[in-house]
Amino acid sequence: MRLALATLTFCLAATAAAAAPVCATRDEPAPALSRLQDAMAEGRFVAYQPTELKIWDGNPVQASEVSIRADLETLRPWFDGLITYGAHSGAELVPKIAEELGYRAVVMGIWDIEDEVEIENALAARRAHPDIVVGISLGNEIVFGNRGDWTALKGAIEKLRAHAPMLPLTVTEPFATFLEPEAAPLLAELDFLAVNIHPVFEPWFAEAPPANWADFVVRVVARLGGEAFCGPILVKETGVPTGPREKNFDEAKQADFYAEMTKALPPARERAFAFFSAFDAPWRIYDFNPVPGHHPEEAHWGLFTEDRKPKRAVKELTPISAPAR
């Protein structure tokens, strides 16, 4: 039996006092936004970090072109869109390799919004591969993780737009962070919204069936579209880890969640979700986390193991064909 939605701890119902969504102030959207929306409607995105790119004590390990190619060859039968997290340590090579392998779209991440080298890497990838780099996402949970504030993000967006005025831009935060009133000036500058929505962190998750997990994501997206942002919304992170077993995570739960998500939020030009994430990353247990405490689940978000073996959720996905070029 489905749990009554009234039991959800986060109030998702729209209220009479809710603010109108923030619309971009520019006269026309970036032309490449149409290519992003085509990929949202017709393709399938996955959040991707190269398997060789690990962070130890704040220091990245370089990912090789050979390893990235092997990663993307593994993913390609099921995915034709990628969302990355940075443009450094080899990740700047992703668009080139993805284009060669027939991917449709890459939303390229910039991890450090103050790193001029990383920013130039992303812009160079866009110049070299304009047909596949359909957008850039600045940072990941910068405000939530106290690594910056809305003013800093807005300044970074404005600076990047001056260098690439036709390139769709966004930032990524957890959904509740975007609903803060202080976020409104930044939201007005974005071409599309990349958002993280994780039912597993809600206190009701363990007692709810997969249909409720997916319904929660859909309702959050609806609220964001009704109150916070009027453009395309791409859920960058939503998923269920496959471990640890002592926390009652397994491959069956992950597969059940994505089965429900594909029914509850079918791909469309205005709303879509990315699978999170491509590969397991055991090193993430020891990486920075904005939420205090031990987080063993960070090692197990992948649809594939670290050595590129598919899990049940992938095996149950229908493969997709390469887009016509």
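Rules used in this analysis
Residues numbered from 1 in each chain as written. Predicted model: local features only at pLDDT ≥ 70, side-chain atom pairs only at ≥ 80, totals over all residues. Heavy atoms only, no water. Helix = DSSP H or I, 4+ residues; strand = E, 2+ residues; numbered from the N terminus. Expected span 1.5 Å × (residues − 1). Polar contact = N/O pair within 3.5 Å; in protein donor to acceptor, adjacent residues only side chain to side chain. Axes fitted to C-alpha atoms, helices over the stretch in contact; angles between N-to-C directions. Parallel < 35°, antiparallel > 145°, perpendicular 65-115°, else oblique. Left-handed = near helix turned anticlockwise from the far one by under 90°. Contact = heavy atoms within 4.5 Å. Nonpolar A, V, L, I, M, F, W, Y, C, P; charged D, E, K, R; others polar. Patch = residues over 30% accessible without salt bridge, like charges linked within 9 Å, V, L, I, M, F, W, Y side chains within 5 Å. Areas by Shrake-Rupley, 256 points an atom, 1.4 Å probe, with all protein chains shown as cover. Salt bridge = Lys/Arg side-chain N within 4 Å of Asp/Glu carboxyl O. 1 Å grid on protein atoms, 1.4 Å probe; cavity = no way out; pocket = protein on both sides within 12 Å on 5 of 7 lines; lining within 4 Å. Points joined across faces, edges and corners; volume = space filled by probe spheres on them. Phe/Tyr/Trp six-rings, centres within 6.5 Å; stacked < 30°, edge-to-face > 60°. Buried < 20%, exposed > 50% of the residue type's maximum accessible area, 1.4 Å probe, protein only. Lys NZ or Arg CZ within 6 Å of the ring centre and 35° of its normal.

Caption draft 1: Representation of helix α9 (residues 251-264) in the model. Over its 14 residues, α9 runs 20 Å from end to end, which matches the ideal 20 Å to within 8%, given 1.5 Å per residue. A side-chain oxygen of the first residue of α9 lies 3.2 Å from the backbone nitrogen of Ala-252; this N-cap is Asp-250.

Caption draft 2: Layout of the packing of helix α8 (residues 210-228) against α9. The contact between α8 and α9 brings their axes to 8 Å, and the two run at 50°. Here α9 runs oblique to α8, going by the angle between their axes. Between α8 and α9 the crossing geometry is right-handed. Counting all contacts with α8, which are made through Pro-210, Ala-211, Trp-213, Ala-214, Val-217 and Val-218, the residues of α9 involved are Lys-253, Asp-256, Phe-257, Glu-260, Met-261 and Ala-264. When its residues are assigned to classes, the contact of α8 with α9 shows nine nonpolar, no polar and three charged.

Caption draft 3: Quick look at a nonpolar patch on the surface. On the surface, Trp-56, Val-61 and Tyr-286 cluster together into a nonpolar patch covering about 340 Å² of accessible area. Within the secondary structure layout, Trp-56 lies in strand β2 (residues 55-56).

Caption draft 4: Inspection of empty space enclosed by the protein at higher detail. Counting across every chain of the model gives one cavity of 30 Å³ or more. Its volume calculated, the largest cavity comes out at about 150 Å³. Taken together, 19 residues line the largest cavity, and the ones lying closest to its centre are Gln-49, Phe-279, Asp-280, Ala-281 and Arg-284.

Caption draft 5: Focus on the layout of surface pockets. Approximately 1,100 Å³ is the volume attributed to the largest pocket. Lining the largest pocket are 40 residues; nearest its centre among them are Trp-111, Asn-140, Glu-141, Phe-288 and Pro-290. Counting residues per element, the lining of the largest pocket draws most heavily on helix α6 (residues 175-178), which supplies three residues. Here the second largest pocket is characterised by a volume of approximately 150 Å³. As for the second largest pocket, its lining consists of Val-200, Phe-201, Phe-205, Ala-206, Lys-247, Phe-249, Lys-253, His-295 and Glu-297. Taken together, the residues of the lining of the second largest pocket break down into five nonpolar, one polar and three charged.

Caption draft 6: Spatial organisation of the packing of aromatic side chains. Tallying each qualifying case throughout the model produces 15 aromatic pairs. Judged by centre distance (4.3 Å) and plane angle (25°), the ring pair of Phe-205 and Trp-213 falls under stacked. Accessibility assignment for this pair places Phe-205 and Trp-213 in one class, buried. Feature note: the residues Phe-79, Phe-257, Tyr-258, Phe-273 and Phe-275 constitute an aromatic cluster, connected by ring pairs. Geometry around Tyr-103 places Arg-76 over its ring, the cationic atom sitting 5.3 Å from the centre. The residue whose ring lies beneath Arg-147 is Trp-111, and the NZ or CZ to ring-centre distance is 4.5 Å.

By themselves, these figures tell us nothing about what the structure is for.
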